[in-house]
Amino acid sequence: MGVRTRLRLTAIGAAQPRVYIVARREILIGSAPDNDLAIAGHGVSRRHATLARRSGGWRVADHGSTNGTFVNGVKIGGSTEVKPGDELAFGAARYAVTAAPDPRRGWFTPARAAATAALLFALGFAGAELKLRADREAAGRPTPSAVSKPALTAGRAAVRPSYTIAASPAPSPAPVAAARAGAVPAASASAAPPTPTAAGAGGPWLDALNHYRALAQLAPVVADDATSRADRAHARYLVKTFAAEIRAGRNPGVEIH
């Protein structure tokens, strides 16, 4: 029996009180009203016995009563161990001994402690996430859920070469005025498709882009191989580093860069 186990004394027969919970480390038993367990009649002496919790468990000791103290029908002469399942008798007043739950320890268990810790952690994490979202919205930045998923697939990325814009003269006033009036400028002889770029320096996409830039009277652009190689290396890094997130359809957010 654990040293912290509380005892319940339940009367057998007509003894009063019918039930007594031993909630203190030591109680005095007798017929006098000032005893912790006061039993009237039944041959109980005024200071009959003591029931106390010691280091090894509960023990009962007789105080030289007239009619004696008994444990399981055996009269005791000194201090004797008592445990749940025993029967105590003080004179003719008999009591069954059982364990009583301790209300101070009934709720707190390891499982409930772990569940409480997990709940507090989840609440703290949710609060931090809400705070982060609020800060981002206040700063005018999109939240991670609002960022579109990158159009990348594992092992392949559509890398577009970077380019620089060549210097061009300012447009003449006439095309600018026509554009403001909603008119579409007609293609001039100088708006013919530009000469295709060298192989590996841009490709058909750049030729088509410069064709339409010429129609809009904009300067052509040329490919920048050094910048394109850097972009291609960065795209490969993203695919290798975030392959698992990309396959799972998760968006790493702005932190991917």
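For the structure, check the block above.
Reading the values: rules and limits
- Residues numbered from 1 in each chain as written.
- Predicted model: local features only at pLDDT ≥ 70, side-chain atom pairs only at ≥ 80, totals over all residues.
- Heavy atoms only, no water.
- Patch = residues over 30% accessible without salt bridge, like charges linked within 9 Å, V, L, I, M, F, W, Y side chains within 5 Å.
- Areas by Shrake-Rupley, 256 points an atom, 1.4 Å probe, with all protein chains shown as cover.
- Salt bridge = Lys/Arg side-chain N within 4 Å of Asp/Glu carboxyl O.
- Helix = DSSP H or I, 4+ residues; strand = E, 2+ residues; numbered from the N terminus.
- Core = buried A, V, L, I, M, F, W, Y, C linked by side-chain atoms within 4.5 Å.
- Buried < 20%, exposed > 50% of the residue type's maximum accessible area, 1.4 Å probe, protein only.
- Contact = heavy atoms within 4.5 Å.
- Phe/Tyr/Trp six-rings, centres within 6.5 Å; stacked < 30°, edge-to-face > 60°.
- Pairing = 2+ DSSP bridges.
- Polar contact = N/O pair within 3.5 Å; in protein donor to acceptor, adjacent residues only side chain to side chain.
- Expected span 1.5 Å × (residues − 1).
- Arc of directions from axis to C-beta.

### Side note on a nonpolar patch on the surface
Point 1. A contiguous nonpolar patch, built from Leu 119, Leu 120 and Leu 123 and spanning about 320 Å² of accessible area, is present on the exposed surface.
Point 2. With respect to the secondary-structure elements, Leu 123 resides in helix α1 (residues 110-138).

### Here's the deal with the nonpolar core
One recurring pattern in soluble globular proteins is that nonpolar side chains are buried together.
Point 1. Of all hydrophobic cores here, the largest spans 23 residues; its most connected members are Leu 9, Leu 51, Val 60 and Phe 90.
Point 2. When contributions to this core are tallied by element, the ones reaching two or more residues are β1 (6-12), β2 (19-22), β3 (26-30), β5 (49-54), β6 (57-62), β10 (87-90) and β11 (93-100).
Point 3. Residues in contact with Leu 9, not counting those within four places in the same chain, are Arg 18, Val 19, Tyr 20, Val 22, Leu 37, Leu 51, Leu 88, Tyr 95, Ala 96 and Val 97.

### A closer look at the packing of aromatic side chains
Point 1. All chains considered together, the criterion is met by one aromatic pair.
Point 2. Pairing Phe 90 with Tyr 95 gives two aromatic rings, centres 6.5 Å apart and planes at 55°, and the pair type is tilted.
Point 3. Here Tyr 95 falls in the buried class, since its relative accessible area comes to 0%.

### A short note on the sheet that holds strand β9 (residues 79-82)
Point 1. Here we have five strands laid out as an open sheet, ordered β4-β3-β5-β6-β9, and mixed in their pairing. Either end of the sheet is taken by a strand with one partner, and the two such strands are β4 (37-38) and β9.
Point 2. Judged from the four bridges that link them, β3 and β5 form a sheet pairing that is antiparallel. Across the sheet, residue Leu 28 finds its bridge partner in β5, namely Thr 50.

### A short note on unusual backbone geometry
Point 1. Unusually for a residue other than glycine, His 42 sits at a positive phi of about 60°.
Point 2. For Gln 217, which is not glycine, the phi torsion reads 60° and is therefore positive.
Point 3. On the basis of relative accessibility, which here comes to 43%, the residue Gln 217 falls in the partly exposed class.

### Some thoughts on the pairing of β1
Point 1. Of the strand pairs in this sheet, β1 and β11 are connected by seven bridges, and their pairing is antiparallel. Within β11, the position partnered with Arg 6 by the bridge is Ala 100.
Point 2. Here β1 pairs with β2 via four bridges, running antiparallel. By the bridge assignment, Thr 10 is partnered in β2 with Val 19.
Point 3. Following β1, the chain reverses through six residues before pairing antiparallel with β2; Gly 13 in that reversal takes a positive phi of roughly 100°.

### Quick notes on the side chain of His 48
Point 1. In this structure, His 48 sits in the loop between β4 and β5.
Point 2. Judged by relative accessible area, which is 0%, His 48 ranks as buried.
Point 3. Among the polar contacts listed, one links the side chain of His 48 to the backbone nitrogen of Ser 45, at a separation of 3.1 Å.
Point 4. The contacts of His 48, once residues within four sequence positions are left out, are Ile 29, Gly 30, Gly 43, Asp 62, His 63, Ser 65, Gly 68, Thr 69, Phe 90 and Gly 91.

### Some words on the sheet that holds β2
Point 1. Here six strands make up an open sheet; going across it, the order is β2-β1-β11-β10-β7-β8 and the pairing antiparallel. Edge strands, defined here as strands with exactly one partner in the open sheet, are β2 and β8 (74-75).
Point 2. As judged from the four bridges shared by β10 and β11, these two strands associate in the antiparallel manner. Residue pairing across strands places Phe 90 opposite Ala 93, the latter belonging to β11.

### Topic: the pattern of salt bridges
Point 1. Applying the stated criterion across every chain, the model contains five salt bridges.
Point 2. The residue Arg 24 makes a salt bridge to Asp 36 at a minimum N-O spacing of 2.5 Å. Remark: Asp 36 occurs in the loop between β3 and β4 and Arg 24 occurs in the loop between β2 and β3; sequence separation between them is 12 residues.
Point 3. When its relative accessible area of 49% is taken as the criterion, Arg 24 is described as partly exposed.
Point 4. Residue Asp 36 is classed as partly exposed on the basis of its relative accessible area of 28%.

### Some points on helix α3 (residues 204-215)
Point 1. For α3, built from 12 residues, the straight-helix expectation of 16 Å at 1.5 Å per residue is met to within 8% by its first-to-last C-alpha distance of 17 Å.
Point 2. Those residues of α3 that fall on the buried side of the exposure criterion are Leu 206, Asp 207, Asn 210 and Arg 213. Seen end-on, α3 carries its buried residues on one side only, within an arc spanning 125°. Across from the buried face of α3, at angles greater than 90 degrees, the exposed residues are Pro 204 and Tyr 212.
Point 3. Phi for Gln 217, located one or two positions after α3, is positive at around 60°.

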